[in-house]
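Residue-level structural notes
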Amino acid sequence: MHLTVLGGCGAWPTALQACSGYLVEYAGFRLLIDPGYATLPRLLDHHTVDDIDAVLISHGHPDHCADLNPLLRARGLSDTPPPALPVYAPHGAVDAVLALDKPRMLAKAYHLREFHPGDRFDIGPFRTDTWLLPHFVPNAGIRLTTPEAVLAYTGDTGPSPDVPRLAQGADLLLSEATYVHEVPTADAPYLLTARLAGQYADQAGAARLMLTHLWPGTDPDAAHEAAAEAFHRPIDIATTGLVSDLVRGNGH
């Protein structure tokens, strides 16, 4: 399983970093997870829009799904449109993005496959298990399994005992870590710290941890240090262009 980070910035993109976006490849299948703000140009650094086989979206906040619109435009309005793109998302999560254009304009560009967090289904070669994790809107934690590796991704979430269950024995936990040590009181049920992400990765026995969705301007070294208080295996910060190969049993 091959992971390419398109972006890992929370809330809005910066000059150097797109918002959440991850390309996962296995057995020739390319799955785009969470095409947030500014991820499409970064995707185009690696592949054409026609190369994408499916899209999987954790929740409906635009920093996780806004670039679905230009992706569908680039496919649907081309001279030789590719087949309709399967788009997997929680019910209603992409309604606002799809409403940016008249319904007929991109109707043939995608096939929407809505699910309830908690569902299990297959996307190409990936067995996909989902969990409902706490956030401001319904959010699906995602576990992708192949014969060779397991990737766990939190989407955006607050504290939950389901996070270490989601990541149990995973080769990589890709975890939201908006703040370093403490979440502001009003947001505390809905977002994580890097410190807690490290604790969850340790509880899960994950092989590796990658911190993502850091608030713009957050010191990545501080986030790394906070996670390392509890998790003593390899830790990365999700930055545009970072590539990771996952192999069952060691996460490398």
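Now for a description of the structure that goes with this document.

Reading the values: the criteria
Residues numbered from 1 in each chain as written. Predicted model: local features only at pLDDT ≥ 70, side-chain atom pairs only at ≥ 80, totals over all residues. Heavy atoms only, no water. Helix = DSSP H or I, 4+ residues; strand = E, 2+ residues; numbered from the N terminus. Rg over C-alpha atoms; globule rule 2.2 N^0.38 Å. Contact = heavy atoms within 4.5 Å. Areas by Shrake-Rupley, 256 points an atom, 1.4 Å probe, with all protein chains shown as cover. Lys, Arg positive; Asp, Glu negative; His and termini not counted. Charge placed at Lys NZ, Arg CZ, Asp CG, Glu CD. 1 Å grid on protein atoms, 1.4 Å probe; cavity = no way out; pocket = protein on both sides within 12 Å on 5 of 7 lines; lining within 4 Å. Points joined across faces, edges and corners; volume = space filled by probe spheres on them. Nonpolar A, V, L, I, M, F, W, Y, C, P; charged D, E, K, R; others polar. Salt bridge = Lys/Arg side-chain N within 4 Å of Asp/Glu carboxyl O. Buried < 20%, exposed > 50% of the residue type's maximum accessible area, 1.4 Å probe, protein only.

1. With respect to the overall build of the chain
Along its length, the chain carries seven helices and 15 strands. In terms of overall size, the chain behaves like a compact globule, its C-alpha atoms giving a radius of gyration of 17 Å where 252 residues would be expected to give roughly 18 Å. Of the contacts formed within the chain by residues at least 6 apart in sequence, a portion of 61% connects residues at least 24 apart. Working note: accessible area of the chain is about 10,400 Å², and carbon and sulfur atoms make up 54% of it. Of the side chains in the chain, 16 bear a positive and 29 a negative charge, and the two mean positions are spaced by 7 Å.

2. Focus on empty space enclosed by the protein
Taken as a whole and assessed by the stated rule, the structure comprises one cavity of 30 Å³ or more. For the largest cavity, the calculated volume is near 40 Å³. Considering the residues around the largest cavity, the lining is formed by Leu 6, Leu 32, Pro 35, Thr 39, Leu 40, Leu 43, Asp 67 and Leu 71. Element by element, the count of residues in the lining of the largest cavity is highest for helix H1 (residues 39-43), at three residues. Grouping the constituent residues of the lining of the largest cavity by class yields six nonpolar, one polar and one charged.

3. Quick notes on the pattern of salt bridges
All told, the structure shown has eight salt bridges when counted by the stated rule. Residues Asp 45 and Arg 42 are paired through a salt bridge, measuring 2.9 Å at the closest nitrogen-oxygen approach. Residue Asp 45 is classed as exposed on the basis of its relative accessible area of 52%. When salt bridges with common partners are traced through the structure, they connect Arg 120, Arg 127 and Asp 129 into a single cluster.

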